[in-house]
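Close look at the chain arrangement
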Amino acid sequence: MESIKDKVAIVGMGCTKFGERWNSGLDDLAIEAAYEAYEDAGISPKDIQACWFGTVTAPATGIGGTHAANSLKLRIPITRVENWCITGHEALRNACFGIASGMYDVVLALGVEKLKDTGFPGLGTGRGMGPVLEARRTSPGSFSLIATRYFYTYNLSPEEGKKTIGKIAVKNHNNGSMSPKAHFRNKITLEQVMNAPIIAWPLGLFDCCGNSDGAAAAILVPASQAKKFRADPVYIKGLGQSFDPLLPHARPNFDWVNWDALQNSSQQAYEQAGIKNPREELDIAEVHDCFTITELAIYENFGFSAKGRAKEDIDAGFFELTGGLPVNADGGLKCFGHPVGASGLRMTYEVYKQIQGKAQLPERQLKDVKLGLSHTFGGPPQVSAVAILGRELDKSKAKAK
Amino acid sequence: MSGIISYGAYVPIWRLNRDFIGAAWGRASFGGERSVANNDEDTVTMAVEAVLDCLAGFDRDSVDGLYFASTTPPFKEKQCASMVAAAADLRPDIITADFGNSLRAGTSAFRAALDAINGGSAENIIVVASDCRLGYPRSDYEQHFGDAAVALLISKKGKPIANVKASNTISNEMYDVWRLDKDTFVQSWEDRFIMEHGYTENMTKTITGLLKKLNLTPAAIARAALYGPNARTQQQLARQVGFDPKTQLQDLLAANLGVCGCAHALILLVSALEEAKGGDNLLMASYGDGSDAFLIEVTAEVDKVKAGRRGIKGFLASKLPLPTYERYLSYRGILEPQPGEAFRLFPSASVSWRERNWSLRFHGSKCRSCGLVTFPIQRICYQCQSKDDFEEVRLSDKKAKIFTFSLDNLAGRSDDPVIPQIVIESDLEKARIYSIMTDCDPKLIKIDMPVEMTFRRIYEGGGMYNYFWKCRPVR
C-alpha cells in the first residue's frame, strides 16, 4: 500500500460564512465557496476537470451531482459522496485519489449543506438503523451516551465531568469569537455552560455544536505542479478513514472509551505522514467537536492526551490557541457551525490558511504552522476521517528519488 | 376436560388519583385511583405483557393457540392475536383469533378456547383480554374505567390449577352501553334502565341458572368473580343472587384499578385465583349484550403457579403516580401532544415483515463458532466473521442492566419531553441492546440499574403503528 504523502497539493480553497443563511440556497452556498477557491487558486472554472461533491441531507439523497452541475455549470465528471459527518473529508479524499491516480490535473472538492430549510433545529430522529430501532435517536442523545460512560469509567462526578468538557466549549467560543466566518462569535464563561439548558443529559446547550448552513471547497493538483499555481501550496501528508463494524450501541463488549474508528483513522494518517508523536509534531488540529465530549474522546484516541487524562491537559490549557497543540482554532463545529457535508473541508480550510499564515485576523494566526490535522467523526458515531496537511515537501524523500 | 394451567396479568404502571379528575371538572371524586396506559401502550402491548406473565415457566412452543379479546383493539382490520403471538415468540403454526365488540368478548374467547380444546382442535390455548376504554371527559365512566390485560393458559394436558365445571349463557339485545364504529367514548342509556333490564337482570339469570344446573346453593361458592360497572351495583347484584358481599364477593378493584372492560371478569377470576386454595369453587360471570357464567373448581396446584408470576396483585403493587389529569388526557390521545423532533425514516411493511424475528420476536444472534450474542441479528459475526453460522436466541425475557444512558430533551413528545436513551447489557451473554426506557422517573436512571424488556408502540407513521421493544426498570 502506497502512502498518499506529497502526491497531491491544495492550491486554492474557499469557505462561505457559516450560519443561518436564510437568503442563500444550496446552490448559492456552492457558488460562494467554489468561486473563492477558483480565485484563490488563480484558475478559471474551465480548468476544473472533475468534481467530488459532498452533501448529506439537502435537498434530498439520491439526486447525485445535479446541484453541483446546475449551480456551477460544470460539464465534467461529478461524483456525489455522502458518508455521515465525514462527507466533506470524503470529497477531499476521493478528489485526492483522482489526482494521485494521474487521471486528472485539476479537480474540485466541494462540500455543501443547507440544514436550515428543514423547519427544525436538529438533524431529526430515526436516521440510520431502521424504522423501529432508531425511532427516537437524536445526535445529542447518542453522543451523550459517550459522556455518561466516560464520567463513570474515569470516576468523574457529573459536575466534574461537565466542567471538564465545558472548558472545551469555553475554549472553542473564545476561538470562534475571533473567526470572521464562524456562525457564533460570542465568548462564554464556564458558569454559562454549567447553567445552560440540558439538551440531552449530561450535555447542555453549550456542549452542542451549531446547526448551520455553509459550504467549503478545495482545488487540488499534483504536488509536482503545485508551485505553478502559487508560491505557498499546502501538501497532503496523510489520509485516514475507518468504520467500526457495528454501531456503538450494538457492539458487544464495547467500552465506549476506546474508539477503533478514531484510532484506526488517525494511525493510518500518522503512518503515511511519518508522525510518531502527534502531540508534539502537530502544530494545529481541527477535530470533530460536534459535542464537547467528542473533542475530549478525540484527544485520548488520537494520542494527544493519555487515556483518562485529557482533563489534565484541558485544565492546563494545552489545547488553547496559546497551548502546546491548539485545537479548533477557528471555533470548531461548536462555533464555526456544522453544515454536515461542508465541515471536513471547512476544517481543512482553517489548517490550509494557518499553514499559509493567512488566518483572517492577526490575533488568531498561529506561529509557524508546518503540520496540521483536520478530522471528522460521523454516524451514531461509527466512522472517522483524518487528513494531515503540511507546508513543505519532504526533501529527504525527494532526494532519495 | 380442559382446565386452567396458568394465569397472568398486566396493569400499566401509571395511576391517576381520581381527585385530579374531580378537581379538573369541579365535581366529586369517586376516591382512590385508576390505572392509565402509557402513551406507548395499547391493548396489543398490554396483552403481550399479560401473555408473558402467564407463560413464565412454561415452554412457549407448547402453546398452539392465542385468542385476543378487546373492545379497543388498535386495528379495525388486521388481527391483534397474530401480533401478540409474534411478540410473545409463539410458534407460527397456531390458531389465532380476535374477539371484540362486546364487554363479553373476554369470556367469549375463554369459552371458545375451552371448546376448541375439548373439541380436539388444540391442546394449549392462551386467552388474553385487554381493554383501554374511554369515558367522556367529566363523565362517571372516566372515573370508573381502568386499563389492564389478563391472560389464562388453558390446556387439556398439564396439571390444572382450576377446572371449568359448567357454564351458563344468555344473549340479550339492547342498547345499554355501546360505541358506534366512529365513536371514541362509551355511550349509554339511562342508568336505571340499563341496570334493571341489562346488567342485573341478565347477570341474575346466568348466575342463578348456573347454580341451579349444578344443584348448588350460593353458599357453596367460595368466591364470586362478578363483573360490575361499579362497586355499588356489583354489590347489590351479589346480595340479590344470595352472595355475602363481605365474604364471598371478589372485590371489584374499583378503588385501585378501575373497571377494565372485557378483561374485567377474567381479571377478577385471576384475583380470586391469587387468593384461592385447593377445593374452592369460584363463580365467574361477565356482562355485555347478555351474560356468561362459569363454575370453576380450584385445585391444590394453584399454589405452585402463584409464586412464579406478578399477576394482578403484583402489578397493582408496582405503580407510579400520574402527576396531572392533563397527562392522562394526553397519554390516552384525548389531547393531542406536540410531536418530538421529526422522523427521517418511515415504517415499511416489507421491512417490518423481513425483520420480524428481531423487531417483534426480539431475537438476537448467537454465533455457533465463538458464542458471541449480538442484537439485532447479525449474519456475519462481529467477533469471528463466521458467516450465516448462528442460532437465534430470545432476549425479550432476559433481564439486563444499564451500560450507559442519556436523557434526551429533543426527541420526546410534549407529554413526555425526556426520552431516556439507553444502552443495556443483557444477562444473556452480555449482548448489547440499544433501547429507549419507558415507565420510569428519568431522574433515577443510573449505570448498572437493572432493567427488563417491554413491548411498546413506538410511533405512528406511514399509516401504520410501529411496535418495538423498550426497557423499563424492573417492576
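The shown structure was predicted, so the numbers you read here are calculated from the model rather than taken from an experiment.

A closer look at the overall build of chain A
From N to C terminus, chain A includes 14 helices and eleven strands. In terms of overall size, chain A behaves like a compact globule, its C-alpha atoms giving a radius of gyration of 20 Å where 401 residues would be expected to give roughly 21 Å. Burial analysis of chain A (401 residues in total) assigns 63% to the buried set. Taking contacts inside chain A between residues at least 6 apart in sequence as the whole, the part at least 24 apart equals 78%.

Here's the deal with the interface of chain B and chain A
Of the residues lining the interface, 40 residues belong to chain B; the matching set on chain A comes to 35 residues. For the side of chain B that touches chain A, the element with the highest residue contribution is strand S18 (residues 400-408) of chain B, accounting for five residues. For the side of chain B that touches chain A, the class distribution of residues is 23 nonpolar, eleven polar and six charged. Examined bridge by bridge, strand S5 (residues 198-201) of chain A and S18(B) share two bridges and lie antiparallel to one another. Each residue of the ladder has a partner; that of Ala200(A), found in S18(B), is Asp408(B).

Brief notes about the pairing of strand S21 (residues 450-461) of chain B
Residue and element names in this part refer to chain B. The sheet contact formed by S18 and S21 spans two bridges and is antiparallel. Bridge pairing links alanine 400 to valine 451 in S21. The turn joining S21 and strand S22 (residues 464-473), which pair antiparallel and follow one another in sequence, is formed by two residues; a positive phi near 60 degrees is taken by glycine 462.

Observations concerning the sheet that holds strand S15 (residues 363-367) of chain B
The strand order across the open sheet built from three strands is S16-S15-S17 (chain B), with neighbouring strands paired in antiparallel fashion. Looking at strand neighbours, the two that pair on one side only are strand S16 (373-374) and strand S17 (390-394) of chain B, the edges of this open sheet.

What to know about the environment of Gly242(B)
Residue and element names in this part refer to chain B. Within the element layout of this structure, glycine 242 appears in the loop between helix H7 (231-241) and helix H8 (264-275). Under the C-beta neighbour-count criterion, glycine 242 is labelled partly exposed, with 15 such atoms within 10 Å. Separated by 157 residues in sequence, glycine 242 and alanine 85 place their C-alpha atoms 41 Å apart.

So, unusual backbone geometry
A cis amide bond, omega 5 degrees, links Trp201(A) with the succeeding residue Pro202(A). For Pro202(A), the location among the structural elements is in the loop between S5 and strand S6 (203-204). One non-glycine residue, Trp256(A), lies in the positive phi region at around 65 degrees. Summarising the element assignment, Trp256(A) is placed in the loop between strand S8 (234-243) and helix H8 (260-273). According to the C-beta neighbour criterion, Trp256(A) is buried, with 20 such atoms within 10 Å. A positive phi angle, near 55 degrees, is found at Asp289(B), a position not held by glycine. By the C-beta count within 10 Å, which is 21 here, Asp289(B) ends up buried.

Remarks on the sheet that holds strand S3 (residues 78-81) of chain A
Residues and elements named next belong to chain A. The strand order across the open sheet formed by nine strands is S3-S2-S4-S7-S1-S8-S11-S10-S9, and the pairing between neighbours is mixed. The open sheet has two edge strands, S3 and strand S9 (284-286), and neither has a second partner. For this sheet, the mean angle separating the axes of adjacent strands, direction not counted, is 25 degrees. Sheet strands in contact with H8 are S8, strand S10 (371-378) and strand S11 (383-390), and its direction is about 150 degrees off that of S8.

Here we look at the domain arrangement of chain B
When the parts of a complex come together, some accessible area is lost, and that lost area is often taken as the interface size. Residue and element names in this part refer to chain B. By the assigned domains, chain B splits into domain 1 (3-178 + 186-331) and domain 2 (349-473). Contact with domain 1, which involves 18 residues of that partner, is made by 17 residues of domain 2. Counting residues per element, the ones that place at least two in the side of domain 1 that touches domain 2 are helix H2 (43-55), helix H3 (81-87) and helix H11 (325-331). It is H2 that contributes the most residues to the side of domain 1 that touches domain 2, four residues altogether. Residues belonging to the side of domain 1 that touches domain 2 are distributed by class as follows: eight nonpolar, four polar and six charged.

Some details on the packing of helix H6 (residues 191-214) of chain B against H7(B)
All names here are of chain B. At a minimum axis distance of 10 Å, the contact between H6 and H7 shows a crossing angle of 45 degrees. Judged by the inter-axis angle, H6 sits oblique to H7. Note that H6 runs across H7; the crossing there is right-handed. Touching Met195, Tyr199, Thr200, Met203, Thr204, Ile207 and Thr208 of H6 are Thr233, Leu237, Gln240 and Val241, all from H7. Residue classes in the contact of H6 with H7 are distributed as six nonpolar, five polar and no charged.

Side note on the confidence of the model for chain B
The predicted model of chain B has a mean per-residue pLDDT of 96, with 99% of residues at 70 or higher. Both scores are given for the predicted complex: the pTM is 0.95, the ipTM 0.94.

Rules behind the numbers
In this convention, every chain numbers its residues from 1, walking through the sequence in written order. All chains are assigned letters beginning at A, and all ligands numbers beginning at 1, according to the order in which they are written. In view of the model being predicted, local features appear only for residues whose pLDDT reaches at least 70, and side-chain atom pairs are presented and counted only at 80 or more, with totals across whole chains, interfaces and linings using the full set of residues. Here a strand is any run of E in DSSP of at least two residues, a helix any run of H or I of at least four, and the numbering for each starts at the N terminus. We compute the radius of gyration over the C-alpha atoms and compare it with the globule rule, which gives 2.2 Å times the number of residues raised to the power 0.38. Partly exposed residues are those whose C-beta has more than 12 but fewer than 20 other C-beta atoms within 10 Å; 20 or more makes a residue buried and 12 or fewer makes it exposed, with C-beta atoms placed from the backbone. Contact between two residues is assigned whenever their backbone-derived C-beta positions fall within 7 Å. Gly is placed with the polar residues, together with every amino acid not listed as nonpolar (Ala, Val, Leu, Ile, Met, Phe, Trp, Tyr, Cys and Pro) or charged (Asp, Glu, Lys and Arg). Note on pairing: two strands pair once DSSP finds at least 2 bridges between them. Whenever a helix is involved, its axis is fitted only over the stretch in contact; in every case the axis is a line through C-alpha atoms, and angles between N-to-C directions fall within 0 to 180 degrees. Domain boundaries shown here were taken from an automatic or database domain assignment. Should an angle fall under 35 degrees it is taken as roughly parallel, and over 145 as roughly antiparallel, whereas 65 to 115 is taken as roughly perpendicular and any remaining angle as oblique. By the definition used in this description, the sense in which the near helix is turned from the far one sets the handedness, with an anticlockwise turn below a right angle giving left-handed and a clockwise turn giving right-handed. One confidence number per residue, pLDDT, is output by the predictor and ranges from 0 to 100.

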